[in-house]
Every structure is written in structure tokens, then in C-alpha cells.
Amino acid sequence: MSPSELVFLEASVQAALIASRQVSAVDLLQAHLDQIERVNPQVNAVCTLVAEQALQAAKDADAKQARGEPIGPLHGLPVGIKDLADTQGIRTTRGSPIYAHHVPDTDALVVTRYKQAGAIVLGKTNTPEFGAGSQTFNPVFGVTRNPYDLEKTCGGSSGGAGVALACGMMPIAQGSDFGGSLRNPAAWSNVAGFRNGVGRVPVWPGALGYTSLSVQGAMGRTVRDVALQLSAIAGPDPRVPSALPFPADVFRAPLERDLRGVRVAWSRDLGRYPVDAVITRVCDAQRSTFESIGCRVEEAEPDLRDADHIFQTVRAYSFAHRHETHLAENRHQLKATVIWNAEQGLQLTALDIARAEAMRTSLYQRVAAFFEHYDYLCTPTTQVPPFSIEQEYPTEINGQQLETYIDWMGLCYAITVTGCPSISVPCGFTPDGLPVGLQIVGPPHADVDVLQLAHAFEQATMFYRQKPQVALA
């Protein structure tokens, strides 16, 4: 098997090859480093590479296995860490000139768990400044390009992670999601990105441990590869008040399941958001796929009134809390959208926040009632196809003007507000060859169920097999 074939194998297959000693961790890492050297200059997905450090870790992994010591589920697999998560001894810029030379002295919990499971950190993946917005560019490393069209955006904020996976530069990747940051870039790089339920993968350090809508999670070329990562990074932590008390081993079970009779609600727009016609056509063409695997599909969506207000309020106060000092001391180094979002939060009153949280509780209860009648909800992941890298964000869809830089992400952020697990899986391509994602949503805490339906859809369609030419040339 050639190195170029090796890097595009499923992560679970790569892990099995290492476990059976058919491939060494060093050889696997070198194959990915070679792919990065060849492809990354064209797409700019990996922003900080620590090749020597990774090679030493791979040698240590091979030595550990040679001694007959137990190995973890991710043993020897190279992983990219989003440039928002702290990595001990590895530059972590958050895409901001304020942190351009920042090198943390500790790992974030999610990074620790990747390492404990045997993964080898090969570097950091690019992200927008402070992860704000779904267009991956920043003044430190520049823009990350869509591998299916280098003049288009890859989305964000886990944009570098999605592109690196699509291009065979790493088999697994860590990311995070507030308003769609694992799902949007997955859709536009033709990979899988899973927003697990809040608390499923504990976030530490994290200042808003009780109330944050942001989650840490995983991206992979297949749903199985996402589940493999969750089997290592999920599970409770006593330092995190929102951590769920469920062990990670629930993600080790096979994803195959009899889905006959499962009730799927199909929504083109969640009853409230403008969606480009090409997205609707591509997604609608796959409705029959669910019927072919035995699902009962009908058009419906939950009552998501107030979702926009809730999301904008929670996001604003979290930005205000996070960037109060940055505004005071480094305002000139912040992009306009970060300033706007933080200042929106500073203008909120305690009553504004309390009302939004009360709305959020009511919305959750309506969604829970909806899922008494349906097992899943399916929507497009994005409202538009990938747009030009010269455009920071869409300002209109179907002639409808959008007020803020995140209005075009409603299909994802409305689901964020519900607290439900959701995944984007490859759903097809536009006539000009750009990937489209389908979002599959499950009831609260039904993370495994979401992965099971997503896996069945993925295996029935096989869209994930279509690789970008830039990675194959």
C-alpha cells in the first residue's frame, strides 16, 4: 500500500493496522507529514506543525507497543488540534495577534484525553480569530481554502480541521462548536462533524461551566471515525459542573442498527430561515435514502420561536465576558465582528439575560415534546453553498437581507440552542462540485442514536468517498 493510499484509509482501519503491527506509528505519521508538505501550501489548513515533536511521540508509541504494554483506541493516530484549544509547549494563537506568540504550559482536557488514548498531536489547525464566524481567516495565518474550490471558503470555525481531514493530512481532528463550528466546515469539506450534547465531552478549562453553549468535539472522514474519537474524549470530569455522568465506552458499540419504523421529521428550513435553492435540491434528493433504509419520513419541525433571540443573547454575554479585557487593552487588534459581538453583550442587563434563559427553558421543553413524536430531525447543515474567500460572510440569501455576521448560520445555531446532539454528514454536491451537508438531530442525550442514523445514511450514499482533486494530484 502506498503512503498516498494509507492516509485516506478510515481512522479505525489505520488504528487496526498499527495495533496489528502491519504499520508502525512512525511510518503512519511520516505518510501524513508528507501529505501535509505536498498539499498544505495550497489550502493552509495546518497552521502550526510540530513534526519533530510528533516523530518523537510516534517513536515512543512504537516502543511502548513493542514492550507489550496496553495501547489506547487512538494509538499512533496523528491528530490536529484546533488553534483555540491549549496545547502544552505548542503555539496556540486563537487566530489573534494578541496571542500570536502564546505557548501554553498545560493541555486542555480534550487534548489530554487524545494523548491518553494514544493519539499523536502533529500540530494545530487554522480557525477564525477567536473562532468568531464561519469563514476561516485571521491576521496571524491568513485564509484556509476550500479543497473542492480554492477560491471558496471552507467555513469555520473548525475550518482547518475539516480541510485537513478532506485532504488526507490527518485521520482524526479535534474541533469545537458554538453556532455550527463543527458542522458548517464539515459540510463544506465533505466530512462528518458532530456537535455532541453539552457536557458529553467536558470543557476544561472553561469559565462558564454551567451555562456555555460551546462544546468540544470531533471531526472525521466517516461517522465511525467520529465515534472512535468520542470513545476516548467523552466521559465525566469532576471539575466540570455540566459534565454528563455517562462513560465514553457507549461509543465503542457497533453503529449498525435496524432503523425500520424510525420516525424522521424532514425540514428544509426549520420553518424560519432562507435557504439557497441549490442546497434544498441537493438535500431533498436524499430524502428517499432514509425511506430506503426503513425510516418513516414526514415534513415537520419543532417550534423554535425565540431561538434567534436566545442565541444572540447567550453569545453576546459570553463574548462580553471573554473579551472585556481585550476590548480595554487591545481593541485595535480585534476584528470588527468580535468587537460588535462583545459590545452587544456589554449592553445587556441582568433581566435581558434572565429572560433569554427563561425562553431557552421553554424552547427546550417544546423540543422535548416534539421528540415524543419523532426520533430524528433532518435539515440542511448550511443555508448557502461555499462562498468566495474574499467575502467575510453572506449579507443576503434569496434576496432577504441579513442583519449580522452570523444570521446565515441559523440552521445550525437554532439547534445549538436546543441542546440536542447533531451531526453534519456528506449529502451530495452542487452542480459545480461543491459539497453539501445534511444535519441530523436527535433528542437530548441521544448522541449514539444520532451517530447510528448518520452512519446508515453515510453507508447508503458513500458521498464521503469523493476526495478533492487538490489532495490527489
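Residues numbered from 1 in each chain as written. Predicted model: local features only at pLDDT ≥ 70, side-chain atom pairs only at ≥ 80, totals over all residues. Heavy atoms only, no water.

Enquirer: For the side chain of Q65, give the residues involved together with the corresponding values.
Expert: Tracing the backbone shows Q65 in helix α4 (residues 51–66). By relative accessible area, which is 8% here, Q65 ends up buried. A distance of 3.5 Å separates polar atoms of two side chains, one belonging to Q65 and the other to H75. Other than its neighbours up to four places away in sequence, Q65 contacts I18, A19, R21, I71 and H75. (Helix = DSSP H or I, 4+ residues; strand = E, 2+ residues; numbered from the N terminus. Buried < 20%, exposed > 50% of the residue type's maximum accessible area, 1.4 Å probe, protein only. Polar contact = N/O pair within 3.5 Å; in protein donor to acceptor, adjacent residues only side chain to side chain. Contact = heavy atoms within 4.5 Å.)

Enquirer: Could you give an account of the pairing of strand β3 (residues 120–125), with specific residues and numbers?
Expert: Each regular strand shows side chains that alternate between the opposite faces of the sheet. In terms of burial, β3 is a largely internal element, 6 of the 6 residues being buried. Direction of pairing for strand β1 (residues 46–49) relative to β3: antiparallel, over a ladder of 3 bridges. Pairing of T48 across the sheet is with K124, part of β3. Summarising the sheet, strand β2 (residues 78–82) and β3 pair through 5 bridges and their orientation is parallel. Each residue of the ladder has a partner; that of P78, found in β3, is I120. One crossover worth recording links β2 to the parallel β3 by way of helix α5 (residues 109–116), and it is right-handed. (Pairing = 2+ DSSP bridges. Right-handed = clockwise from strand over helix to strand, strands pointing away.)

Enquirer: Kindly report on the nonpolar core, identifying the contributing residues and their values.
Expert: Membership of the largest hydrophobic core comes to 138 residues, with the highest contact counts inside it found for Y114, F290, I423, L438, I440 and L451. Looking at this core element by element, the count peaks at 8 residues for helix α3 (residues 25–43). When neighbours within four sequence positions are excluded, Y114 is seen to be in contact with L74, V79, I81, A119, I172, A173, Q174, G217, A218, Q229 and I233. (Core = buried A, V, L, I, M, F, W, Y, C linked by side-chain atoms within 4.5 Å.)

Enquirer: Any details on the pairing of strand β9 (residues 192–195)? Residues and values, ideally.
Expert: Residues A192 and F194 line one face of β9 and the alternating positions G193 and R195 line the opposite face, and both faces are buried. Examined bridge by bridge, β9 and strand β10 (residues 215–220) share 3 bridges and lie antiparallel to one another. Bridging across to β10, G193 finds its partner in M219. Sheet topology places β9 next to strand β16 (residues 422–429); 3 bridges connect them, and they run antiparallel. The partner of F194 across the bridge, within β16, is I423.

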